[in-house]
Amino acid sequence: MNDLKTYIDRSVLCWLATSSSENIPNVSPKEVFAFYPENAIIIANIASPQSVKNIKENNKVCVSFIDVFVQKGFQIKGKAEIVSKKDVAYAPMEAIILKMTKGMFPFSNIIKISIDDVKKIIAPKYILYPETTEEDQIASAKKTYGV
């Protein structure tokens, strides 16, 4: 779990995939998220009405995130729940999110994802060219992104 937490902390965005009761998929970027000590990930619901609607209909979700420079990360599958301000579990999660955002992003509730399955994500270059180092990937990404 240490690697997982490290990559969550290093990632700028994560992508939350949900599906409606009619199996219509939805993927949306999330900017405010963190590892939660109970083997979970929490995501601030800033502007995600479709994600929330889908989770209420079908709680099975997938979250992916990568460090864009190293081009490694994780895919997580699990069950999501919507934690509202009236829930006892809300306050400790809210504290983590408020610390991250310094109160700059209003959020109406929190999406908590209990982790069932974790899979590493790595750029194909690491597989096709095993001599590729993280330093090589960082240099290549910086060049691509103009950093």
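Residues numbered from 1 in each chain as written. Predicted model: local features only at pLDDT ≥ 70, side-chain atom pairs only at ≥ 80, totals over all residues. Heavy atoms only, no water.

Chemist: Please explain the environment of V147 as it appears in this structure.
Modeler: Along the chain, V147 turns up in the segment after α5 (134–145). Leave out the neighbours within four places in its chain, and V147 touches F69 and K142. (Helix = DSSP H or I, 4+ residues; strand = E, 2+ residues; numbered from the N terminus. Contact = heavy atoms within 4.5 Å.)

Chemist: Help me understand the packing of aromatic side chains, please; the structure alone is not making it clear to me.
Modeler: For any pair of aromatic rings, the description consists of the separation of the ring centres together with the inter-plane angle of the planes. All told, the structure shown has 4 aromatic pairs when counted by the stated rule. Judged by centre distance (5.8 Å) and plane angle (65°), the ring pair of Y7 and F74 falls under edge-to-face. Highlighted residues: Y7 in helix α1 (residues 2–10) and F74 in strand β6 (residues 72–83), separated in sequence by 67 residues. We note that Y7, like F74, is buried. Site record: aromatic cluster; members linked through ring pairs are Y7, F33, F65 and F74. Against the face of Y7 rests R10, its NZ or CZ located 4.5 Å from the ring centre. Note that K72 overlies the ring of Y126, its terminal NZ or CZ placed 4.6 Å from the centroid. (Phe/Tyr/Trp six-rings, centres within 6.5 Å; stacked < 30°, edge-to-face > 60°. Buried < 20%, exposed > 50% of the residue type's maximum accessible area, 1.4 Å probe, protein only. Lys NZ or Arg CZ within 6 Å of the ring centre and 35° of its normal.)

Chemist: Got a minute to help me understand the pattern of salt bridges in this structure?
Modeler: Opposite charge on two side chains lets them pair, provided their charged atoms get close. Enumeration over the complete set of coordinates arrives at 5 salt bridges. Residues E57 and K53 are paired through a salt bridge, measuring 2.8 Å at the closest nitrogen-oxygen approach. Placement of both E57 and K53 in helix α2 (residues 49–57) is noted, with a separation of 4 residues, approximately one turn of the helix. (Salt bridge = Lys/Arg side-chain N within 4 Å of Asp/Glu carboxyl O.)

Chemist: Any chance you could explain unusual backbone geometry here in plain terms?
Modeler: If a residue is not glycine, its phi is most likely negative; likewise, a peptide bond is most likely trans. Positive phi, normally seen in glycine, also occurs at N23, with a value near 65°. As for its position among the elements, N23 is in the loop between β1 (14–19) and β2 (25–30). Classification of N23 by relative accessible area gives exposed; the value is 58%. Positioned with a positive phi, K102 is a non-glycine residue whose angle comes to about 55°. Judged by relative accessible area, K102 falls into the exposed class, the value being 70%.

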